[in-house]
Amino acid sequence: MATVTAGFQVLPNGKDMKTDGVIPKIVEVVQNSGLAYHVGPMETVIEGDIDDVLSVIKTAQQVGIDEGAQEVLTNIKLHYREDGVSIKEKLTHVEEG
């Protein structure tokens, strides 16, 4: 199967829970995954085989639970194209300002 990119945002939710300590742990999961990634201010984008990508997202959700969230809301955007799609390709069309 071709490479996909996925933008995702994990939102741990728990009574009196502060997420500022959880987010770095979720980013660490992504960094340790071996997949290409780009951390942005509102979401993280990862690139790889769809099964690997979804596995990383599942693990990231579990971090929220392990850190005390009663629930985790996750927004996911998947980009698939038969010949594959890359993060680099997406970033070459955008100028940062």
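Everything numeric in this text was worked out from a predicted model, so none of it was measured.

For the protein chain, the helix and strand inventory stands at three helices and four strands. Counting from the amino terminus, the protein chain carries its helices and strands in the arrangement β-α-β-β-α-β-α. Look at the contacts in the protein chain between residues 6 or more apart in sequence, and 72% of them connect residues 24 or more apart. Summed over all atoms, the accessible surface of the protein chain reaches about 6400 Å², with 50% contributed by carbon and sulfur.

Quick look at the sheet that holds strand S2 (residues 36–39) now. Pairing within the open sheet is antiparallel, and its four strands lie in the order S2-S3-S1-S4. Each of the sheet's edge strands pairs with one partner strand only, and the pair in question is S2 and strand S4 (71–79). Across the sheet, the mean angle separating the axes of adjacent strands is 20 degrees when strand polarity is ignored. Bridge count between strand S1 (residues 4–13) and S4: nine bridges; the pairing is antiparallel. Among the inter-strand pairings, Phe8 is bridged to a residue of S4, identified as Ile76. Relative to the sheet, helix H2 (residues 50–66) contacts S1, strand S3 (44–48) and S4, its axis offset from that of S1 by approximately 10 degrees.

Take the side chain of Glu47 next. Its place among the elements puts Glu47 in strand S3. Among the polar contacts made by the side chain of Glu47, one reaches the main-chain amide nitrogen of Ile87 at a distance of 2.8 Å. Setting aside its immediate chain neighbours within four residues, Glu47 contacts Thr3, Val4, Thr5, Leu35, Ala36, Val53, Val85, Ser86, Ile87 and Lys88.

If you look at the biggest cluster of nonpolar residues, it comprises 17 residues, and the most contacted ones within it are Phe8, Val10, Ile26, Ile46, Val53, Val56 and Ile57. Secondary structure elements with two or more residues in this core: S1, helix H1 (23–31) and H2. If you tally residues by element for this core, the top one is H2, at five residues. The contacts of Ile26, once residues within four sequence positions are left out, are Val10, Pro12, Ala60 and Val63.

Turning to the packing of H1 against H2, a few remarks are in order. Where H1 meets H2, the axes come as close as 9 Å, and the angle between the chain directions of the two elements is 155 degrees. In terms of orientation, H1 and H2 fall into the roughly antiparallel class. Two packed elements cross with a definite hand, and for H1 against H2 that hand is right-handed. Along its contact with H1, which presents Lys25, Ile26, Val29 and Val30, the element H2 presents Val56, Thr59, Ala60 and Val63.

For S3, the tally of buried residues reaches five of five residues, placing the bulk of the element in the interior. In S3, alternate side chains face the same way, and those of Thr44, Ile46 and Gly48 on one face and Val45 and Glu47 on the other are all buried. Strand direction decides the pairing type here: S2 and S3, joined by four bridges, are antiparallel. Bridge pairing links Tyr37 to Ile46 in S3. Between S2 and S3, which pair antiparallel and follow one another directly, the connecting turn spans four residues.

Rules used in this analysis
- Residues numbered from 1 in each chain as written.
- Predicted model: local features only at pLDDT ≥ 70, side-chain atom pairs only at ≥ 80, totals over all residues.
- Heavy atoms only, no water.
- Helix = DSSP H or I, 4+ residues; strand = E, 2+ residues; numbered from the N terminus.
- Contact = heavy atoms within 4.5 Å.
- Areas by Shrake-Rupley, 256 points an atom, 1.4 Å probe, with all protein chains shown as cover.
- Pairing = 2+ DSSP bridges.
- Axes fitted to C-alpha atoms, helices over the stretch in contact; angles between N-to-C directions.
- Polar contact = N/O pair within 3.5 Å; in protein donor to acceptor, adjacent residues only side chain to side chain.
- Core = buried A, V, L, I, M, F, W, Y, C linked by side-chain atoms within 4.5 Å.
- Buried < 20%, exposed > 50% of the residue type's maximum accessible area, 1.4 Å probe, protein only.
- Parallel < 35°, antiparallel > 145°, perpendicular 65-115°, else oblique.
- Left-handed = near helix turned anticlockwise from the far one by under 90°.

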